[in-house]
Amino acid sequence: MHINDLLSLKGKVCLVSGGAGLYGKGITEGLAEAGGTVIIASRNGVNIEETAGTFRQNGLDVHALQVDQSDHSSVIVLKNSIMEKFGKLDVFVNNAVARPMKGYNDDLGNFDVSMKINATGMMDILREMADLIAAGGGGSVINIASMMGMFGPDISNYEGTDMGTPPPDYFFHNAGLINLTRYLARVLACKNIRVNCVSPGGLFNYQPERFLENYCKKVPLKRMANRDDIKGVIVLLASEAGAYINGENILMDGGMHA
Ligand SMILES: NC(=O)c1ccc[n+]([C@@H]2O[C@H](COP(=O)([O-])OP(=O)(O)OC[C@H]3O[C@@H](n4cnc5c(N)ncnc54)[C@H](O)[C@@H]3O)[C@@H](O)[C@H]2O)c1
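Residues numbered from 1 in each chain as written. Predicted model: local features only at pLDDT ≥ 70, side-chain atom pairs only at ≥ 80, totals over all residues. Heavy atoms only, no water.

### Considerations on the overall build of the chain
Summing up its helical and strand segments, the chain has eight helices and seven strands in all. Expected size for 258 residues packed as a compact globule is a radius of gyration near 18 Å; at 18 Å, the chain falls within 12% of this value. By principal-axis analysis of the C-alpha atoms, the chain measures approximately 50 × 40 × 40 Å. For the chain, restricting intrachain contacts to residue pairs at least 6 apart in sequence, the fraction spanning at least 24 positions comes to 74%. Carbon and sulfur atoms form 53% of the exposed surface of the chain, whose accessible area is close to 12,300 Å². Positive and negative side-chain charges in the chain, numbering 23 and 27 respectively, have mean positions lying 4 Å apart. (Helix = DSSP H or I, 4+ residues; strand = E, 2+ residues; numbered from the N terminus. Rg over C-alpha atoms; globule rule 2.2 N^0.38 Å. Contact = heavy atoms within 4.5 Å. Areas by Shrake-Rupley, 256 points an atom, 1.4 Å probe, with all protein chains shown as cover. Lys, Arg positive; Asp, Glu negative; His and termini not counted. Charge placed at Lys NZ, Arg CZ, Asp CG, Glu CD.)

### Describing the environment of Met 163
Along the chain, Met 163 turns up in the loop between β5 (139–144) and α6 (168–188). Overall, the relative accessible area of 32% leaves Met 163 in the partly exposed class. Along the primary structure Met 163 and Ala 52 are separated by 111 residues, whereas in three dimensions their C-alpha atoms are 32 Å apart. The contact partners of Met 163, leaving out residues within four places of it in the chain, are Tyr 158, Pro 208 and Phe 211. (Buried < 20%, exposed > 50% of the residue type's maximum accessible area, 1.4 Å probe, protein only.)

### Points about the site of the ligand
The environment of the ligand is formed by 24 residues, the closest being Leu 22, Tyr 23, Gln 69, Tyr 170 and Leu 203. Within the side chain of Asp 68, a nitrogen or oxygen atom sits 2.9 Å from a nitrogen atom of the ligand. In this structure, Leu 203 approaches the ligand through a main-chain N or O atom, which is 2.9 Å from an oxygen atom. Coverage of the ligand by the protein amounts to 88% of the 830 Å² it exposes when considered alone. The class makeup of the residues in the shell around the ligand is twelve nonpolar, nine polar and three charged. (Near = heavy atom within 4 Å. Polar contact = N/O pair within 3.5 Å; in protein donor to acceptor, adjacent residues only side chain to side chain. Nonpolar A, V, L, I, M, F, W, Y, C, P; charged D, E, K, R; others polar.)

### Section: helix α8 (residues 231–238)
Counting buried positions along α8 yields six of eight residues, so the element is predominantly enclosed. Listed as buried for α8 are Lys 231, Val 233, Ile 234, Val 235, Leu 237 and Ala 238. Residues of α8 that are buried in the fold lie against α1 (3–7), α2 (22–33), β4 (91–94), β5, β6 (193–200) and β7 (249–252).

### Some thoughts on the packing of helix α5 (residues 108–135) against α6
With their axes 11 Å apart at the nearest point, α5 and α6 run at an angle of 20 degrees to one another. Looking at the two axes, α5 sits roughly parallel to α6. For α5 against α6, the interelement crossing comes out right-handed. Contacts between α5 and α6 involve Phe 111, Ser 114, Met 115, Asn 118, Met 122, Met 123, Leu 126 and Ala 130 from the first element and Asp 169, Phe 172, His 173, Leu 177, Leu 180, Leu 184 and Leu 188 from the second. (Axes fitted to C-alpha atoms, helices over the stretch in contact; angles between N-to-C directions. Parallel < 35°, antiparallel > 145°, perpendicular 65-115°, else oblique. Left-handed = near helix turned anticlockwise from the far one by under 90°.)

### Let's talk about the nonpolar core
Where a protein is soluble and globular, its nonpolar side chains tend to be buried together. Of all hydrophobic cores here, the largest spans 31 residues; its most connected members are Ile 27, Leu 31, Val 93, Val 198, Ile 230 and Ile 234. Contributing elements (two or more residues each) for this core: β1 (13–17), α2, β2 (37–42), α3 (45–57), β3 (62–66), β4, β5 and α8. No other element matches the five residues that α8 contributes to this core. Counting 29 residues, the second largest nonpolar core, distinct from the first, contains Leu 15, Met 122, Ala 130 and Ala 145. (Core = buried A, V, L, I, M, F, W, Y, C linked by side-chain atoms within 4.5 Å.)

### With respect to the side chain of Ser 239
Of note, Ser 239 is situated in the loop between α8 and β7. With relative accessibility at 2%, the residue Ser 239 sits in the buried group. In this structure the side chain of Ser 239 is engaged in a polar contact, spanning 3.3 Å, whose partner is the backbone oxygen of Leu 6. Polar contacts involving the side chain of Ser 239 include one to the main-chain carbonyl oxygen of Val 235, which spans 2.8 Å. Once residues lying within four places of it in the same chain are set aside, the contact partners of Ser 239 are Leu 6, Leu 7, Ser 8, Leu 9 and Arg 194.

### Section: the packing of helix α4 (residues 72–86) against α5
In the contact formed by α4 and α5, the axes pass within 10 Å of each other and the chain directions differ by 20 degrees. Relative to α5, the element α4 is oriented roughly parallel. By crossing handedness, the relation of α4 to α5 is classed as right-handed. Contacts between α4 and α5 involve His 72, Val 75, Ile 76, Leu 78, Lys 79, Ile 82 and Met 83 on the former and, on the latter, Asp 124, Ile 125, Glu 128, Met 129, Asp 131 and Leu 132. Of the residues that constitute the contact of α4 with α5, the class distribution is eight nonpolar, one polar and four charged.

Given below as C-alpha cells:
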C-alpha cells in the first residue's frame, strides 16, 4: 500500500474525548486533516459546539457530542448517539482530563473526585468505546497520558513562580494509564483493537516567563510542545501506517528525558 493511503483516515470515524482542550484541538485537527470524521466530546456542550463549528468553517469534518465520563448513563448516551449519527467507531483518542487537585497538600476529597473522572470514569468510557470499535471489526485506541506518568516532578521548573507543587493525583492516574495501555493491548487484540499511549511533555500555554525559562533550558529542542507536535504521532497510531504498533507508550518531550 502507498504510504499516503496507509496514513489516510478517509472513511474512519474518530472520537476525541476532551477534544476542545489544549492538546485535544491539535489531535482533532490532525485526525480530520488526515481525512477522518472526528467527534469531539466533553462536558461543556457550548464549548465543543463552538470548537467543532470553527473546524467545520475550515473545511474539516468535525462534530460535537456532550459527555461526562464520570457518569455511566452519560457515557451510554454518547455510545448510542455515535451509533445513531455515525453508524460505527474506528478510533478513540482517550484524552480528557480533569484537574481537581491543586497541590500536594490539597484536600483528599479532591483526590477522590480526580479518581472518579480520571480513573473510574476513564475506564468506563474506554470499555464502552472499545465495545463500539469491536462491533465494527476493530480499530485503534490511543491513550493520552503524560511524561508526568513516567517520571517524578522536576520541582526546579517551578522555582521563582507561584505555581506551587504539582498535584499527586495527576502522576498517579497517568502512570496507571500507561500500564493499563499494555493490559488493554493484550486483552483487546483478539477483537482486532490496537491500544497505544502517547506521553507528551508540556504544551506552551502562555505559562509564566520564569517557568518557561526554567523548563525550556532542560529541553534539547529549547521549547515547549505546540499544537502541531502531536498530530503526526496520533495519525500514525490511528491509521493503517501503525498497524503493527500495539501496547506502546511513546514519550513526546522534545528530548527532555533523553
Ligand atoms: N497540557 C499539557 O501541557 C499536557 C502535558 C502532558 C500531557 N497532557 C495530557 O493531555 C491530555 C489533555 O490535556 P490538556 O492539557 O489538553 O487538557 P485540557 O484541560 O485543556 O482539556 C481537558 C478536556 O477534558 C474535558 N473533561 C474534563 N473532565 C471531563 C469529564 N468528566 N468528562 C468529559 N470530559 C471531561 C474538559 O472539558 C476538557 O475539554 C491529558 O490526558 C493530559 O494528561 C497535557
